[in-house]
Amino acid sequence: MQRQFNLEQNEMPQEWYNIAADLGEVPPPLHPGTQQPCGPEDLAPIFPMAIIEQEVSTDRWIKIPQEVQDKLALYRPTPLYRATELEKALKTPAKIYYKYEGASPAGSHKLNTAIAQAYYNKIEGTKRIATETGAGQWGSALSMACNFFGLGCTVYMVRCSYDQKPYRKSLMHVYGAEVFPSPSAQTQFGQKMLLEDPNCPGSLGIAISEALEDTVTHTGVKYSLGSVLNHVILHQSVIGLEAKKQMKKAGVYPDIIIGCVGGGSNFGGLVMPFMADKIAGKNLRAIAVEPSACPTLTEGEYKYDFGDTAQMTPLLKMYTLGANFIPPSIHAGGLRYHGMAPLISLLVKKGLSEAMALDQLEVFESAVLFAQTEGILPAPESAHAICAAIREANIAKEEGREKVILFNLSGHGFLDLGAYDSYLEEKLMSTAGK
Ligand SMILES: *Cc1c(COP(=O)(O)O)cnc(C)c1O
C-alpha cells in the first residue's frame, strides 16, 4: 500500500488562498474605545501595513513574495502520509491520511506564518518583534524567522509552559531571542498580575497583553500574533493547498477533515482550501477539535470580545470563554486560549464546520497508539486531531463503511516528553467536565 504522496519543490503554492473571498461578510474587528470597525490607522502601531492589508483583504488569491517562498522551501512541501499502520491496528475500513507539519525545522506549522510576518516587518523597517507564546512552538518559530531576516525577537512565554518545557526556551535562545516567563516583571501589566497572584500560571491572554505593552512603549518594535487573525490563516493555507494536490495524487478526496484548534490556524490552514469546495456544494465534514479543559467552540459564546486579558486589543467577533478565562495547566499548552479565530468561529456558526471537545487522557492514549504504530511522536496539541480521527475511524468500522479521513499532524512532540512521562506514570488528570 502506498504511504507517501510527495510533491516536487516546484509544486509548492505561489499564492495564498483567502477564504474571506468565499465566505461572504466577515464581521470586522471593532475599536475597543469607539466600538466602530478598526481602520488601518488603528492597527498601524502594532502591525506592518502589508499585514494590515492582508487582514482585511477579500482577494481570493494573494501572491507569496519570492523571499518568503525561498524560506518556506527550507522544509516545504511537507509530507502527506497514509496512516497504513494505524489503520491496521484499528482494523478500520477507513482510509486515514495526515499532513505532517512537524517536518518543519521549528517542529510545527507555525513557521509558515512566522516567515511571512518577519519578512513584511523587515521590509517595512521594524527592528524587533515582541510576541507571546503558549507551549513555545510559536516563540520558537518566530525566533527562527526573525533570525532569518535579521530582526530582534522578545518572547513572553506563559509561565506554566515555561516551567513545563524548559527546552523550548533553550531553542529560542539558540535563535537569538530573549524569553521572559509571563506574567513577568518586564511590563506594568505583568507586575500587576504578579502582585495579585505571585504563583499565577499565566495564560495566552496575559502574555499577549505584555507583548502589546512592550510594543507600544518602545520605538522600532512591532507585534506579531501566531494564530487567530485572518492573515495568519491566510499564510497557513499553504498546508491545505499542498494537501489538495497530494490527496489528488493519492486518488482520493476527504469525506472528513480534522484539525486541533487553539486559535484555529493549523485547522484553518488545512481546511480552508477544501472549504471552498464545500461552499460550492461538495459533500465534506470538517471537525475542529479542542480540549475539554478549554472548550471555546463547544461551550463558549459567539460575541465580540477582547483577544487579551488587559483588554487592549481590538474586539473580535468569535466564540469565547471570556477574556479573563485562565484555563487549567493542561499539557496541550498550545490549545489554552480563551477565544477562537473569527474565521473559524464563523465556519462553526454557519454550520460549515463541526466542533468537538476531548479529554486529555483519551488524547494521550491516542497519541501513544499513533507513536507505536506510525512512529511519529505527536505534539499533545496535534494528538487531539489524532484522537478525533481514531473516533471517526471506529465509527466507520461499526458502520462498515470506507471513509476517507484527513487530519493535520500540526507538530511533533520531542519537546513535550515531560507530558508523556506524566501520562505514562499515570499522573495526568482527566479534564472532562472542567
Ligand atoms: C500552536 C499549535 C497549535 C494550536 O494553534 P492553532 O493556531 O490552533 O493551530 C496546534 N498544534 C501545534 C503543534 C501548535 O504548535
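Chemist: Sorry if this is basic, but what is going on with the packing of helix α15 (residues 360-374) against helix α17 (residues 417-424) here?
Modeler: Packed helix pairs are specified by the crossing angle of their axes together with the interaxial distance, meaning the distance between the axes. Two elements in contact, α15 and α17, have axes whose closest approach is 11 Å; the angle formed by their N-to-C orientations is 105 degrees. Comparing their axes, α17 and α15 come out roughly perpendicular. For the pair formed by α15 and α17, the contact residues are L361, F364, E365, A367 and V368 on the first element and A419, Y420 and Y423 on the second. Of the residues assigned to the contact of α15 with α17, the class counts are 7 nonpolar, no polar and 1 charged.

Chemist: Whenever I open this one, the sheet that holds strand β9 (residues 256-260) confuses me. Can you help?
Modeler: Consider a sheet: its strands pair through backbone hydrogen bonds, and that pairing is either parallel or antiparallel. The 6 strands lie next to each other as β3-β4-β14-β9-β10-β13, forming an open sheet whose pairing is mixed. If you trace the sheet from one side to the other, it starts and ends with β3 (80-82) and β13 (354-358), each paired once. Strand-to-strand twist across the sheet, computed as the mean angle between neighbouring axes with direction ignored, equals 25 degrees. Strand direction decides the pairing type here: β9 and strand β14 (residues 404-409), joined by 3 bridges, are parallel. The partner of I258 across the bridge, within β14, is F407. Helix α16 (residues 380-399) rests against β4 (95-100), β9, β10 (285-291), β13 and β14 of the sheet, and its axis sits at about 150 degrees to β9.

Chemist: Before we go on, may I ask you to explain the site of the ligand in this structure?
Modeler: If you check the shell around the ligand, you find 19 residues, and the closest are K110, S227, G262, S265 and S410. Here an oxygen atom of the ligand and a side-chain polar atom of K110 are 2.6 Å apart. In isolation the ligand has 380 Å² of accessible area, and contact with the protein removes 98% of it. Of all the secondary structure elements, the ones that give two or more residues to the shell around the ligand are α12 (265-279) and α16. Looking at the shell around the ligand, its residues break down into 4 nonpolar, 13 polar and 2 charged.

Chemist: What should I look at first to understand the pattern of salt bridges in this one?
Modeler: Any two side chains of opposite charge can pair, on the condition that their charged atoms come close. Within this structure, the stated rule accounts for 20 salt bridges. The closest approach of N and O atoms between E362 and R391, which form a salt bridge, is 2.7 Å. Placement of E362 in helix α15 and of R391 in helix α16 is noted, with a sequence separation of 29 residues between them. Its salt-bridge partner being E392, residue K403 comes within 3.9 Å of it at the nearest N-O pair. Of this pair, K403 sits in the loop between α16 and β14 while E392 is found in helix α16, placing the two residues 11 residues apart along the sequence. Under the relative-accessibility criterion, K403 is labelled buried at 7%. E392 sits in the buried class, given a relative accessible area of 4%.

About the criteria used
- Residues numbered from 1 in each chain as written.
- Predicted model: local features only at pLDDT ≥ 70, side-chain atom pairs only at ≥ 80, totals over all residues.
- Heavy atoms only, no water.
- Axes fitted to C-alpha atoms, helices over the stretch in contact; angles between N-to-C directions.
- Helix = DSSP H or I, 4+ residues; strand = E, 2+ residues; numbered from the N terminus.
- Parallel < 35°, antiparallel > 145°, perpendicular 65-115°, else oblique.
- Contact = heavy atoms within 4.5 Å.
- Nonpolar A, V, L, I, M, F, W, Y, C, P; charged D, E, K, R; others polar.
- Pairing = 2+ DSSP bridges.
- Near = heavy atom within 4 Å.
- Polar contact = N/O pair within 3.5 Å; in protein donor to acceptor, adjacent residues only side chain to side chain.
- Areas by Shrake-Rupley, 256 points an atom, 1.4 Å probe, with all protein chains shown as cover.
- Salt bridge = Lys/Arg side-chain N within 4 Å of Asp/Glu carboxyl O.
- Buried < 20%, exposed > 50% of the residue type's maximum accessible area, 1.4 Å probe, protein only.

Everything listed here is a matter of geometry and, on its own, says nothing about what the molecule does.
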